[in-house]
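Residues per chain are reported as follows:
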Amino acid sequence: MKHIRNFCIIAHIDHGKSTLADRLLDFTGSVTEREKQDQLLDSMDLERERGITIKSHAIQMEYIYKGETYVLNLIDTPGHVDFSYEVSRSIAACEGALLIVDAAQSIQAQTISNLYLALENDLEIIPVLNKVDLPSANPEEVTDDIVDLLGCDASDVIPASAKTGLGIEEILNAIIERIPAPKGTVDEPLQALIFDSVYNPFRGVETYFRVLNGEIKKNQKIKFMATGKTYNADEIGTLKLVQHPKQKISAGDVGYLITGIKDAREVKVGDTITDAADPTKNMISGFENVKPMVFAGIYPVDTEDYEELRASMEKLQLNDASLVFTPESSAALGFGFRCGFLGMLHLEIIQERLEREFDMTVITTVPNVSYHAFTKKNPDDIIIVNNPSDMPDPTIMDRVEEPFIKASIITKADFVGPVMSLCIEKRGQITNQTYLTPERVELNFDMPLAEIVFDFYDRLKTVSKGYASFDYSPIGMRASKLVRVDVLINAQSVDALSALIHADNAYNIGKKMCEKLRELIPRQQFDIPIQAAIGAKIISRETIKALRKDVTAKCYGGDISRKRKLLEKQKKGKKRMRQVGNVEIPQQAFMAVLKLND
Amino acid sequence: MAGIYIHIPFCKQACHYCDFHFSTSLKKKEEMIAALKTEILLRKSEFANETVATIYFGGGTPSILSVSELDEIIQTVYENYAVVDNPEITVEANPDDLSFQTEKENIFEAYKAIGVNRLSIGVQSFFEEDLKLMNRAHNADEAMACIKEATQHFDNITIDLIYGIPNMSNERWLQNVQTALDFGIPHISSYALTVEPKTALDTFIKKGIVPEVEDEVAQAHFELLVAKLAENGFVHYELSNFGKEGFFSENNTAYWLGKKYIGIGPSAHSYDGVHRSWNVANNTKYIKAIQQNELPSEIETLSVTDRYNEAVMTGLRTIWGVSLTRVEQDFGTNYKKYLLQQAEKHIQNELLLLSAEEEDVILKTTAKGKFLADGLASDLFLLN
Ligand SMILES: Nc1nc2c(ncn2[C@@H]2O[C@H](COP(=O)(O)OP(=O)(O)OP(=O)(O)O)[C@@H](O)[C@H]2O)c(=O)[nH]1
Ligand code: SF4
Ligand SMILES: [Mg+2]
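Since this is a predicted model, take the numbers as computed values, not measurements.

### Here we look at the overall build of chain B
Counting its secondary structure elements, chain B contains 15 helices and 15 strands. Over its C-alpha trace chain B gives a radius of gyration of 21 Å, about what one expects of a compact globule, namely 21 Å for 384 residues. Dimensions of chain B, computed from the C-alpha atoms along their principal axes, are close to 60 × 50 × 45 Å. Pairs at least 24 apart in sequence give 71% of the contacts found in chain B among residues at least 6 apart. Taken as a whole, chain B presents about 16400 Å² of accessible surface, with 49% of it coming from carbon and sulfur. Side-chain charges in chain B split into 33 positive and 55 negative, and the spacing between the mean points of these groups amounts to 3 Å.

Structure representation (structure tokens):
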């Protein structure tokens with residue numbers, strides 16, 4: 001056990017975690033020349049295309065240090081705030097963490113939040129100053145920033161470049177020297193933590209675990225303590241680039257388990273695996289369930305595809321247990337699902353995965369957060385409102401509460417003004433302002449989560465010229481003053497476009513939504529009025545003028561092919577539209593309504 | 001019955017709106033004529049079982065060729081193909097080429113002498129302002145003079161008129177139409193000015209030198225035109241074509257009715273009922289290939305769905321519409337069902353209509369739907 005090291009790589013988005021993992025794998029000879037590729041651990045197509053990590057990824061390496069062979073279990077984690085629960089799970093399986101800081105960007109919002117997650121779990125932190133090869137790198141200053149943040153010594157910070165390979169050996173040596181070997185004893189009953197699970201369509205659910213005490217053997221009768229179910233350990237092994245089956249995995253080590261489970265929901269991440277006959281007395285405290293932050297309806301573009309959509313969502317859920325959904329129906333869109341997401345990026349990713357992995361073109365309705373409503377009749381009973389149409393009528397309503405977050409924004413001193421006015425416009429209240437350095441400021445706000453959903457990221461980026469990072473965590477429900485803004489298209493209310501909005505902003509947002517829809521809905525053969533309304537009161541109106549000419553009335557020879565292809569393309573575009581009443585609404589209009597300031 | 005289209009890829013100057021294939025350099029004219037004749041010869045086997053009913057010189061500007069050059073090409077067709085008695089032979093001509101006269105020879109009589117029996121004159125407008133804006137090679141006087149003279153020699157004349165030109169008032173547009181009527185022209189092809197990407201017009205509009213072309217204006221002009229020509233006994237037989245009975249363009253009608261045609265010359269398109277092919281749109285490449293007895297063309301085989309889509313697309317542009325009987329015969333009952341199902345919404349909105357004609361049912365655009373014909377057609381399409 002003293003030759004095992006378990007560590008994760010944590011950082012702000014894009015600071016180079018996955019690329020650094022590549023270098024560690026290279027250096028330890030864990031991948032062959034042929035297997036090499038950039039951000040090797042980002043194995044999903046979507047991760048590769050977007051250049052971001054969505055899911056944590058565990059892999060085992062071997063490294064010879066001072067003549068002795070060590071087993072290093074590495075977990076690469078995502079940096080985006082939507083997936084921070086992945087980080088907390090990974091941390092629970094480790095004794096140490098590499099905290100990567102970009103030498104040009106210095107400490108950012110998720111650097112801090114992920115660091116705190118690691119410290120709460122008593123992880124040994126190895127600070128790595130990455131990207132020192134960049135011309136814009138600022139190694140001295142950023143090292144100072146890290147020293148200030150961690151209270152460590154400047155000599156503890158390892159300068160590195162995941163691009164050139166600088167510092168990789170020092171990092172490996174530090175992992176062995178500074179991160180403690182796992183504790184625990186082999187002689188005790190089996191006690192292992194499930195820190196992740198992956199659905200494999202051929203083999204069922206693969207469970208990733210870390211053994212704390214005892215050992216797990218092939219064909220052992222095991223029990224998942226929280227669910228109480230017992231299984232046969234059909235296959236166990238270690239996670240290399242491909243899986244290596246083993247006969248047993250002992251205390252301190254990390255591995256995978258296959259039991260033939262087909263339903264991913266049976267495996268609760270955070271659960272304790274133990275021996276069925278001789279169970280441990282110490283169940284690990286486990287993780288809180290991940291809570292969805294944002295809700296939206298997902299509907300098939302073609303109503304006939306409802307059943308297929310359900311099947312696709314169920315399969316997707318096997319891969320991504322953080323996706324939750326329940327059936328719902330909309331007057332405008334028919335049957336669909338109300339889905340809960342971890343954030344807006346998660347929502348976007350689900351929509352994209354449905355499209356590319358299941359060939360399902362879907363409409364996503366205007367997202368909202370989860371509100372608590374109370375009626376006058378039963379002022380103590382919470383009504384959970386995940387859909388604007390579930391909001392009780394104002395006449396019977398006692399009060400509403402909405403979720404608040406603590407937002408942390410790190411930006412340059414120059415942008416404090418604009419960032420602050422944006423947050424105040426978004427109903428934020430400043431709670432703290434700390435100068436990390438003379439140029440860099442951390443601002444904290446208490447803010448309604450709903451304001452993040454509406455067009456916050458893009459505007460933050462704009463007002464800070466890209467120099468602001470953002471992180472948040474929920475801080476509970478607070479009283480609010482909400483109204484439902486409905487949108488009428490061609491005099492027909494389209495429930496999928498309704499939004500719950502703070503009363504003070506309703507007029508303004510209603511107006512912008514109408515303007516946006518006027519841009520997004522193509523002209524059709526008749527005038528289309530677009531209205532925003534609160535109850536029966538119309539607060540804004542725009543008109544999409546009728547299409548006057550939709551024909552090539554020009555001279556053309558026999559070039560019929562080109563024209564046919566043009567119209568075929570037009571038809572394809574129309575297939576991505578949903579007819580509501582008489583009006584064809586493009587799929588992307590439902591969501592784009594949120595990008596009001598583009 | 002089949003048609004031969006011959007593309008003459010030269011123009012004196014480039015009209016600002018034009019995205020057809022042509023060159024303003026006449027250096028390769030001789031070689032081009034030789035190549036056209038070779039292609040006519042090379043492709044004779046394609047029409048081994050067909051009789052040519054129409055010969056059409058389009059462009060570019062066919063009237064750039066001399067009468068004897070046109071004659072050589074016509075003769076080559078006669079030598080290699082079966083041609084009906086009295087084929088329709090059309091030449092597109094620009095007013096500036098038709099204005100020169102010598103005492104001895106009148107160009108119109110010369111055209112007649114080589115068998116040309118239909119003239120398509122690219123007038124576009126009788127107003128100087130419009131002609132300048134579009135950078136046409138002729139002026140308003142030439143336009144008037146040429147039409148006046150042409151009508152002395154030819155009955156079967158069609159002229160092109162463009163509407164929706166920036167700054168063109170409804171009155172001015174109506175005057176253009178009236179002038180054509182006053183000359184007794186029996187056929188008019190009338191097009192909306194269309195801004196094609198990368199044309200000079202496109203650039204000028206983007207830079208703000210020329211005002212935008214507006215759909216509302218084009219639509220108003222179109223409606224005025226339709227009404228005016230109907231009053232004067234013209235049949236609106238295709239979206240952009242109006243003719244008195246007996247003066248419809250046989251050649252163009254063939255395109256819309258899915259008949260076979262061979263297109264000779266660079267950028268020309270051909271159709272044999274199943275395949276569509278098109279020659280390279282480059283004079284040098286075209287000549288080079290033909291000189292080596294090769295056809296510089298790309299070919300595409302139409303699937304049943306492609307042909308259905310084309311039938312819908314072209315049918316909706318004409319008064320003959322889309323015959324449900326033919327759709328059923330040519331493509332099957334499922335296609336007919338699909339067509340009706342897709343059309344339903346537009347029939348309700350009075351953009352399409354079904355009319356019973358001699359044991360057949362025809363799907364057509366209504367007056368309201370005409371100017372939306374492409375969008376309607378694409379709604380009726382089936383995707384492969
Ligand atoms: N110049 C330079 N570029 C680097 C270095 N390390 C990473 N990069 C680049 O930085 C970008 C982000 O790298 P990733 O490894 O995907 O970053 P990440 O931290 O894993 O990102 P997330 O998983 O999305 O949070 C990529 O374009 C890398 O090529 C480095 O040391 N030097
Ligand atoms: S004359 Fe005809 S082909 Fe030539 S540039 Fe003008 S519009 Fe185009
Ligand atoms: Mg990554």
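### Remarks on the environment of Lys2 of chain A
With respect to the helices and strands, the residue Lys2 of chain A is situated in the segment before strand E1 (4–11). For the pair Lys2 of chain A and Pro182 of chain A, spaced 180 residues apart in sequence, the C-alpha separation works out to 7.0 Å.

### Thoughts on the UniProt feature "domain: Tr-type G" (unreviewed entry) in chain A
According to UniProt, the feature "domain: Tr-type G" (unreviewed entry) maps to residues 2–183 of chain A in the numbering used here. For residues 2–183 of chain A, the helix share is 34%, the strand share is 23%, and the end-to-end C-alpha distance is 9 Å.

### Comments concerning helix H13 (residues 560–575) of chain A
Residue and element names in this part refer to chain A. Compared with the 22 Å implied by 1.5 Å per residue over 16 residues, the 22 Å span of H13 between its first and last C-alpha is a close match. Looking only at H13, the buried set comprises Ile560, Ser561, Lys563, Arg564, Leu567, Glu568, Lys571 and Lys574. Buried residues of H13, viewed axially, fall in a sector of 160°; they line one side. Counted as exposed and oriented over 90 degrees from the buried face of H13: Arg562, Leu566, Lys569 and Lys572.

### Considerations on the packing of aromatic side chains
Residues and elements named next belong to chain A. Tallied over the full model, the rule gives 27 aromatic pairs over all chains. Between Tyr457 and Phe470, the aromatic rings sit 5.6 Å apart at their centres with planes inclined by 85°, giving edge-to-face as the arrangement. Pair noted here: Tyr457 is in helix H11 (residues 456–463) and Phe470 is in strand E26 (residues 468–480), with a separation of 13 residues, a long-range link. Classification of Phe470 as buried rests on a relative accessible area of 6%.

### A few points about the site of ligand 2
Every residue lining ligand 2 is accounted for by Cys11, Gln13, Cys15, Tyr17, Cys18, Phe22, Gly60, Thr61, Asn94 and Arg136 of chain B. Considered class by class, the residues forming the shell around ligand 2 number 5 nonpolar, 4 polar and 1 charged.

### Some thoughts on the UniProt feature "binding site: GTP" (unreviewed entry) in chain A
All names here are of chain A. UniProt's feature table lists "binding site: GTP" (unreviewed entry) at Asp14, His15, Gly16, Lys17, Ser18, Thr19, Asn130, Lys131, Val132 and Asp133, given in the numbering used throughout. Looking at the element boundaries, Ser18 is found in helix H1 (residues 17–27). You can call Ser18 buried: its relative accessible area is 7%. For Ser18, the residues in contact, after removing those within four places along its chain, are Gln39, Asp42, Thr53 and Asp76. Checked against the element boundaries, Lys131 lands in the loop between strand E5 (124–130) and helix H5 (139–150). Lys131 sits in the partly exposed class, given a relative accessible area of 23%.

### Some words on the site of ligand 1
All names here are of chain A. The environment of ligand 1 is made up of 19 residues, and the closest members are Lys17, Thr19, Thr53, Asp133 and Ala162. Here an oxygen atom of ligand 1 and a backbone polar atom of Ser18 are 2.9 Å apart. Ser161 places a side-chain nitrogen or oxygen 3.3 Å from an oxygen atom of ligand 1. In the complex, the protein chains occlude 82% of the 650 Å² of accessible area that ligand 1 would expose alone. Looking at the shell around ligand 1 residue by residue, the classes come out as 4 nonpolar, 10 polar and 5 charged.

### Here we look at empty space enclosed by the protein
Residues and elements named next belong to chain A. This structure, assessed with the given rule, holds 4 cavities of 30 Å³ or more. Taken together, Tyr371, Glu402, Arg427, Ala450, Glu451, Phe454, Leu482, Leu500, Ile501, His502, Asn505 and Ile509 make up the lining of the largest cavity. Counting residues per element, the ones that place at least two in the lining of the largest cavity are helix H10 (449–453), strand E29 (499–502) and helix H12 (503–520). Ranked by the residues each element gives to the lining of the largest cavity, the list is headed by E29, at 3 residues. Among the residues forming the lining of the largest cavity, the class breakdown is 7 nonpolar, 2 polar and 3 charged. When residues of the lining of the largest cavity are assigned to domains, at least three map to each of domain 4 (371–480) and domain 5 (484–594).

### Side note on the coordination of the magnesium ion (ligand 3)
Residue and element names in this part refer to chain A. Protein-derived ligands of the magnesium ion (ligand 3) are Ser18 (OG) and Thr53 (OG1), with the metal-ligand distances lying across 1.9 to 2.0 Å. One end of the pair, Ser18, is in helix H1; the other, Thr53, is in the loop between helix H2 (45–50) and strand E2 (57–65), with 35 residues separating them in the sequence. You can call Thr53 buried: its relative accessible area is 9%.

### Brief notes about a nonpolar patch on the surface
A surface patch of nonpolar side chains, about 220 Å² in accessible area, is lined by Leu257, Ile319 and Trp320 of chain B. You can call Ile319 of chain B partly exposed: its relative accessible area is 31%.

### What about the interface of chain A and chain B?
Facing 31 residues of chain A, the contacting portion of chain B comprises 45 residues. Of the roughly 3500 Å² buried where chain A meets chain B, counting both sides, 55% is carbon and sulfur surface. Summed over the shared surface of chain A and chain B, the number is 8 salt bridges. Glu216 of chain B is the partner of Arg523 of chain A in a salt bridge, and the nearest nitrogen-oxygen pair spans 3.1 Å. Summed over the shared surface of chain A and chain B, the result is 19 residue pairs in polar contact (both at pLDDT 80 or more). Of the residues forming the side of chain A that touches chain B, the biggest block, 13 residues, is contributed by H13 of chain A. Class assignment of the residues belonging to the side of chain A that touches chain B gives a composition of 7 nonpolar, 8 polar and 16 charged.

### Examining the domain arrangement of chain B
All names here are of chain B. Entries for chain B in the domain assignment read domain 1 (2–256) and domain 2 (304–380). Each of domain 1 and domain 2 has a C-alpha centre, and these two points are 29 Å apart. Opposite the 14 residues of domain 1 that make contact, domain 2 presents 7 residues. When the buried surface of domain 1 facing domain 2 is broken down by residue, Tyr237, Leu239 and Trp256 rank first, second and third, together holding 45% of it. The partner of Arg317 in a salt bridge is Glu238, and the shortest N-O contact between them spans 2.8 Å. Linking domain 1 to domain 2 there are 3 residue pairs in polar contact (both at pLDDT 80 or more). Mapped onto the side of domain 1 that touches domain 2, the elements with two or more residues apiece are helix H9 (215–231), strand E7 (235–238) and helix H10 (250–256). It is E7 that provides the largest number of residues to the side of domain 1 that touches domain 2, a total of 4 residues.

### Things to note about the pattern of salt bridges
All names here are of chain B. This model, assessed by the stated rule, comprises 59 salt bridges over all chains. Glu46 is the salt-bridge partner of Arg43, the closest N and O atoms lying 3.0 Å from each other. Across the pair Arg317 and Asp374 runs a salt bridge, and its minimum N-O distance is 3.9 Å. Taken together, the positions of Arg317 in the loop between helix H12 (304–315) and strand E13 (322–323) and Asp374 in helix H15 (residues 373–380) put the pair 57 residues apart, joining distant regions of the chain. The buried category is assigned to Asp374, whose relative accessible area is 6%.

### Things to note about the packing of helix H7 (residues 306–319) of chain A against helix H8 (residues 344–358) of chain A
All names here are of chain A. For the pair H7 and H8, interaxial distance at closest approach is 11 Å and the crossing angle is 110°. Considering their axes alone, H7 and H8 lie roughly perpendicular with respect to each other. Classified by chirality, the crossing of H8 by H7 is right-handed. Between H7 and H8, the residues in contact are Leu309, Ser312, Met313, Lys315, Leu316 and Asn319 and Ile350, Arg353, Leu354, Glu357 and Phe358, respectively. Counted by class, the contact of H7 with H8 contains 6 nonpolar, 2 polar and 3 charged residues.

### Quick notes on the sheet that holds strand E15 (residues 360–365) of chain B
Residues and elements named next belong to chain B. Overall, antiparallel pairing links the 3 strands, which are arranged E13-E15-E14 in an open sheet. Since the sheet does not close on itself, it has two edges, and those belong to E13 and strand E14 (352–357), each with one partner. Pairing analysis gives 2 bridges linking E13 to E15, with the strands arranged antiparallel. The residue bridging Ser323 from the neighbouring strand is Ile362, located in E15. Running over the sheet, helix H14 (residues 333–348) touches E13, E14 and E15 and is turned about 115° from E14.

### Some remarks on the nonpolar core
Of all hydrophobic cores here, the largest spans 80 residues; its most connected members are Ile6, Phe57, Tyr81, Tyr111, Val116, Ile121 and Ile159 of chain B. Setting aside residues up to four positions removed in sequence, Ile121 of chain B forms contacts with Ala93, Pro95, Leu98, Cys146, Ile147, Ala150, Ile157, Thr158, Ile159 and Asp160 of chain B. Ala296, Ile298, Phe415 and Phe456 of chain A belong to the second largest nonpolar core, which has 52 residues in total.

Cut-offs applied
Residues numbered from 1 in each chain as written. Chains lettered and ligands numbered in written order. Predicted model: local features only at pLDDT ≥ 70, side-chain atom pairs only at ≥ 80, totals over all residues. Heavy atoms only, no water. Helix = DSSP H or I, 4+ residues; strand = E, 2+ residues; numbered from the N terminus. Rg over C-alpha atoms; globule rule 2.2 N^0.38 Å. Contact = heavy atoms within 4.5 Å. Areas by Shrake-Rupley, 256 points an atom, 1.4 Å probe, with all protein chains shown as cover. Lys, Arg positive; Asp, Glu negative; His and termini not counted. Charge placed at Lys NZ, Arg CZ, Asp CG, Glu CD. UniProt positions renumbered as here; feature names shortened; annotations may be inferred. Expected span 1.5 Å × (residues − 1). Buried < 20%, exposed > 50% of the residue type's maximum accessible area, 1.4 Å probe, protein only. Arc of directions from axis to C-beta. Phe/Tyr/Trp six-rings, centres within 6.5 Å; stacked < 30°, edge-to-face > 60°. Near = heavy atom within 4 Å. Nonpolar A, V, L, I, M, F, W, Y, C, P; charged D, E, K, R; others polar. Polar contact = N/O pair within 3.5 Å; in protein donor to acceptor, adjacent residues only side chain to side chain. 1 Å grid on protein atoms, 1.4 Å probe; cavity = no way out; pocket = protein on both sides within 12 Å on 5 of 7 lines; lining within 4 Å. Points joined across faces, edges and corners; volume = space filled by probe spheres on them. Domains from an automatic or database assignment. Donors = N, O, S within 2.8 Å, 3.2 Å for Na, K, Ca; no water. Patch = residues over 30% accessible without salt bridge, like charges linked within 9 Å, V, L, I, M, F, W, Y side chains within 5 Å. Salt bridge = Lys/Arg side-chain N within 4 Å of Asp/Glu carboxyl O. Buried area = accessible area lost by both parts, 1.4 Å probe. Axes fitted to C-alpha atoms, helices over the stretch in contact; angles between N-to-C directions. Parallel < 35°, antiparallel > 145°, perpendicular 65-115°, else oblique. Left-handed = near helix turned anticlockwise from the far one by under 90°. Pairing = 2+ DSSP bridges. Core = buried A, V, L, I, M, F, W, Y, C linked by side-chain atoms within 4.5 Å.

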